[in-house]
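Below, each chain spelled out in residue letters.
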Amino acid sequence: MGGPVCLDFVNTLDDRFSNEPKELLKSYIDLARFGEDTGILSAQQADHFLEKSMQSRKAAEEALSAAIELREAMHAVFWSLIQKKPVPKSALFVVNSYAQEAARHMNVVATEHGFEWRFEEAGNFNAAWWPIARSAVELLASDQLQFMRACASETCQWLFLDESKNHRRRWCDMTKCGNRAKVKSFYTRQKAAEP
Ligand SMILES: [Zn+2]
């Protein structure tokens, strides 16, 4: 976690390239929890959505399917950029459509210090993915895009933004993948050193 929320969100299909990808968004509840963990939703909003999703299951399911469609389109765009391949037009179109839908729910509101773009606080299940779609188009149009990376661990390949000073970060998380890779090369060396 940390960095643009769109990248964290792409990682909710864990072990994406393995034989058994792990879907971390099994229900709308998981999506609401993701929203709460990443600060998209306040704890009160998340609780409200959790309760409401029990009563309006169909609407909650639809919002979850939308979020997953957005996630897969974002992944297709980001992954082709990382691979230095042309971005699929269809995927970019989907990301744009979601971002446009999200923008329809943004308002400029007066704050103590001036004005701010804010998402409306309507009880719309889709509010859980609006900021994610926004984050994706902001990242695409930003000069930070060049620092988007995929984790060097073959089994992980999570996306992250390399905000390190020299921009040479290789792992999504040093404690998780970095250490795993180090331990692995340690054992390989040990093995090679064996008589
Ligand atoms: Zn990793």
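These lines cover the structure that appears in this document, whether it is placed above or below. (Residues numbered from 1 in each chain as written. Predicted model: local features only at pLDDT ≥ 70, side-chain atom pairs only at ≥ 80, totals over all residues. Heavy atoms only, no water.)

**Quick notes on helix α2 (residues 28–37)**
Step number 1: When we look at burial in α2, the residues that qualify are Y28, L31, A32, F34 and G35. Seen along its axis, α2 keeps its buried residues to an arc of 155°; they face one direction.
Step number 2: Among the structural elements, α1 (5–10), α3 (43–55), α4 (57–82) and α6 (130–140) are those in contact with the buried residues of α2.
Step number 3: A positive phi of about 85° marks G39, the residue just after α2. (Buried < 20%, exposed > 50% of the residue type's maximum accessible area, 1.4 Å probe, protein only. Helix = DSSP H or I, 4+ residues; strand = E, 2+ residues; numbered from the N terminus. Arc of directions from axis to C-beta. Contact = heavy atoms within 4.5 Å.)

**Quick look at the coordination of the zinc ion**
Step number 1: Distances from the zinc ion to its protein donors, C151 (SG), C156 (SG), C172 (SG) and C177 (SG), fall within 2.3 to 2.4 Å.
Step number 2: Between the four donor atoms coordinating the zinc ion, the angles at the centre fall across 103 to 118°, so the site counts as tetrahedral. (Donors = N, O, S within 2.8 Å, 3.2 Å for Na, K, Ca; no water. Tetrahedral: all angles 85-135°; square planar, octahedral: opposite > 155°, others 65-115°.)

**A short note on the side chain of H75**
Step number 1: Mapped onto the elements of the fold, H75 is located in helix α4.
Step number 2: What H75 contacts, discounting residues up to four positions off in sequence, is V10, R16 and F17.

**Overview of the packing of α4 against α6**
Step number 1: At a minimum axis distance of 11 Å, the contact between α4 and α6 shows a crossing angle of 15°. As summarised for this structure, α4 and α6 are arranged roughly parallel, according to the angle between their axes. Along this stretch, α4 crosses α6, giving a crossing that reads as left-handed. Residues L70, M74, V77, F78 and L81 of α4 touch α6, and the partners they reach there are I132, A133, A136, L139 and L140. (Axes fitted to C-alpha atoms, helices over the stretch in contact; angles between N-to-C directions. Parallel < 35°, antiparallel > 145°, perpendicular 65-115°, else oblique. Left-handed = near helix turned anticlockwise from the far one by under 90°.)

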